[in-house]
Amino acid sequence: MSNYFNSLPHRLKVQELGKCDLMLSSEFSDGVNYLIGKKIVIIGCGAQGLAQGQNMRDSGLTVAYALRKEAIESNRASYQNAVANGFEVGTFEEIIPSADLVSNLAPDKQHTSVINKIIPLMKKGACLSYSHGFNIVEEGTQIRKDITVVMIAPKSPASEVRAEYLRGFGVPTLIAVHSDNDPNGDGLQIAKAYCVGTGGHKAGVLLSSFVAEVKSDLMGEQTILCGLLQTGSILSFNKMVEKGIEASYASKLVQYGWETITEALKIGGITNMMDRLSNPAKIEAFKLSEELKDIMRPLFVKHMDDILSGEFSKTMMEDWAEGDKNLLTWRAATGETDFEKTAAGSVEISEQDYFDNATLLVAFVKSGVELAYETMTLSGIKNESAYYESLHEAPLIANTIARKKLYEMNRVISDTAEYGCYLFDHACKPLLADFMSKVETNIIGKNFNVATNGSVDNFELVKVNAAIRNHSIEICGAELREIMTAMKKIVE
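Structure report, in brief. Model, not experiment: these values are computed from the prediction. (Residues numbered from 1 in each chain as written. Predicted model: local features only at pLDDT ≥ 70, side-chain atom pairs only at ≥ 80, totals over all residues. Heavy atoms only, no water.)

## Observations regarding the environment of histidine 132
Selection criterion: Numbering of helices and strands runs from the N terminus, with a helix taken as a DSSP run of H or I at least four residues long and a strand as a DSSP run of E at least two residues long. Three labels apply to residues, based on accessible area from a 1.4 Å probe with only protein chains included: buried if under 20% of the type maximum, exposed if over 50%, partly exposed otherwise in between. Here, two residues are considered to be in contact whenever any of their heavy atoms come within 4.5 Å of each other. Each polar contact in these results corresponds to two N or O atoms within 3.5 Å; when the atoms are within protein, one needs to be able to donate a hydrogen and the other to accept it, and residues that are neighboring in sequence are counted only if both atoms are side-chain atoms.
Within the element layout of this structure, histidine 132 appears in the loop between strand 6 (127–130) and helix 8 (134–137). Residue classification places histidine 132 among the buried residues on the basis of a relative accessible area of 10%. With near-sequence residues (within four places) excluded, histidine 132 lies in contact with Asp108, His111, Met151, Glu213, Val214, Asp217 and Leu218. Within the structure, the side chain of histidine 132 is placed 3.2 Å from the side chain of glutamate 213, a separation counted as a polar contact.

## Let's talk about the packing of aromatic side chains
Heads up, the condition is: The criterion for an aromatic pair is that two Phe, Tyr or Trp rings (for Trp, the six-membered ring) have centres within 6.5 Å, with stacked assigned to planes under 30 degrees apart, edge-to-face to planes over 60 apart and tilted to the rest. Counted as over-ring charges are cases with an Arg CZ or a Lys NZ within 6 Å of the ring centre that also lie within 35 degrees of the ring normal.
Enumeration over the complete set of coordinates arrives at 9 aromatic pairs. Ring centres of tyrosine 130 and phenylalanine 210 lie 6.2 Å apart, and the angle between their planes is 80°; on these two criteria the pair is classed as edge-to-face. Taken together, the positions of tyrosine 130 in strand 6 and phenylalanine 210 in helix 11 (residues 210–225) put the pair 80 residues apart, joining distant regions of the chain. Overall, phenylalanine 210 belongs to the buried group, its relative accessible area being 5%. Of the aromatic side chains, those joined through ring pairs into one cluster are Phe312, Trp330, Tyr419 and Tyr422. Lying over the aromatic face of phenylalanine 339, lysine 405 brings its terminal NZ or CZ to 4.4 Å of the ring centre.

## A closer look at the environment of phenylalanine 448
Position of phenylalanine 448 relative to the elements: it lies in the loop between helix 22 (433–437) and helix 23 (458–469). Between the C-alpha atoms of phenylalanine 448 and proline 280, which are 168 residues apart in sequence, the distance is 8.5 Å. When neighbours within four sequence positions are excluded, phenylalanine 448 is seen to be in contact with Pro280, Ala281, Glu284, Asp356, Thr359, Asn442 and Ile443.

## Some remarks on the environment of threonine 441
Position of threonine 441 relative to the elements: it lies in the loop between helix 22 and helix 23. By relative accessible area, which is 14% here, threonine 441 ends up buried. Here the alpha-carbon distance between threonine 441 and glutamate 242, two residues 199 residues apart in the chain, equals 9.9 Å. With residues near it in sequence (within four places) discarded, threonine 441 still touches Lys243, Ile245 and Lys446.

## Concerning the side chain of glutamine 54
Examined against the element boundaries, glutamine 54 turns out to sit in helix 3 (residues 47–58). Engagement of the side chain of glutamine 54 in a polar contact is seen with the side chain of arginine 162, the distance being 3.5 Å.

## Quick word on the pattern of salt bridges
Applicable threshold: A side-chain nitrogen of Lys or Arg and a carboxyl oxygen of Asp or Glu constitute a salt bridge if their distance falls within 4 Å.
The final tally for this structure, using the stated rule, is 37 salt bridges. Residues lysine 155 and glutamate 389 are paired through a salt bridge, measuring 2.9 Å at the closest nitrogen-oxygen approach. Here lysine 155 is found in the loop between strand 7 (148–154) and helix 9 (158–166), whereas its partner glutamate 389 is found in helix 20 (residues 383–412), with 234 residues between them in sequence. The burial state of lysine 155 is the same as that of glutamate 389; both residues are buried. A salt bridge links arginine 403 to glutamate 160; the nearest nitrogen and oxygen atoms lie 3.0 Å apart. Residue arginine 403 is located in helix 20, and its partner glutamate 160 is located in helix 9; the two are separated by 243 residues in the primary sequence. Classification of arginine 403 as partly exposed rests on a relative accessible area of 39%.

## Let's talk about the sheet that holds strand 8 (residues 173–177)
Threshold: Pairing between strands is defined by DSSP: at least two bridges between them are needed.
A sheet is described by the order of its strands in space; here 9 strands give the open sequence 1-9-8-7-6-5-2-3-4, paired in mixed fashion. The sheet is open, and its two edges are formed by strand 1 (21–22) and strand 4 (88–91), each paired on a single side. Of the strand pairs in this sheet, strand 8 and strand 9 (residues 205–207) are connected by 3 bridges, and their pairing is parallel. Pairing of threonine 173 across the sheet is with valine 205, part of strand 9.

## Points about unusual backbone geometry
Although it is not a glycine, aspartate 324 adopts a positive phi angle of roughly 60°. You can see aspartate 324 is positioned in the loop between helix 15 (311–321) and helix 16 (325–335). On the basis of relative accessible area, aspartate 324 is assigned to the buried category, the value being 10%. The backbone phi angle of lysine 405 is positive, close to 60°, even though this residue is not glycine. Looking at the secondary structure, you find lysine 405 in helix 20. What makes lysine 405 buried here is its relative accessible area of 6%.

All we've got here are geometric facts, nothing functional implied.
See below:
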């Protein structure tokens, strides 16, 4: 990260990274009242647009959708989504002029063209909201000064934004007010009401900045949230098949293993996840994790450096200009992997078996979560933001793999996240080649405890437990989870 921090022009952005404070639940006592009677128009009715719109409507707000004329006339999926769910739909010209708040939930690569079309149509004093500030931070877009600009960023794929709301919970959310666009001084009130409408206030809200949200979001999704889950899935499956494990069993162990293992992570942090292992397996998973961290740390630092300097965004936008040539090639290649093409078998795997037979998956999760958190906090990102972008969101991404493997994960995340995921995956696999060459089925595919007598060195166990429980992410996580009183379990 030295290249970035030694660059004088970036110092203001470095300062912005630290703008992040946990909000109290009492700060949301007004609920959605500030937006009652206001017309909210969402741009785009893809996965994120539909999920947020449904949540806000169920919370008592008035929501409509603005789509391009050609999307309506050709009956595209976005139009079908909105109409099938009973929402008012209109063209930009028909519906935006009457909107009090316009929520830009189009894909990142469409933001500039969308903004150029909608800003002239927005009435004076209206509000523009984002859920990811890429357009503002990475492309430097400036918005008309009479317009309030806010961000409400759920830390989750769209499917979980809706699913957690229906469970009576929500997903952690970052909110921010663009410092250059708060002419009426009510940007924070708008953002808070919107956040309550989507259910985010029940899971924890950080008052952040556009810069901090963009940089931490890109880092989390590229590394632990998507990249390492993809790498770990493919490598673990291939190793099991190579060692004679039935392919359908290997497929099921990986596909559903991530969800089961990270459920323990979500509820009780790395401590609880590691405590689900026997003492011998815990010590083994700890050692594996430390080895993985040593191997992958330079790659995590490179991704953080490229994100902070803007190199990642520059490279990705060059691919946009080429019609997503690399993205589409990588997406097709992922679909052709043996893991993706092998159906999960019908053999019964108990909840505990997912831990006992997949020590390596536990080690992947621990190493990736800790590395992402450590790399972000060392760059100046607040602990709380780094926690949400690594540990808490990992289970939400894992849930998508349980549904339809890597296809589902890459389908529901943004194109920006998917592009970063592939970059990480392609760099990480070669790094782990020597490590994986030593892997045997005792840590992936078979019960680790069968080949041990259950005894451990008590001094070693005490040191391992202390290292796990005293890590900064565990201390931060314990405090944040105290406010998540409405959290619901997913895995039975």
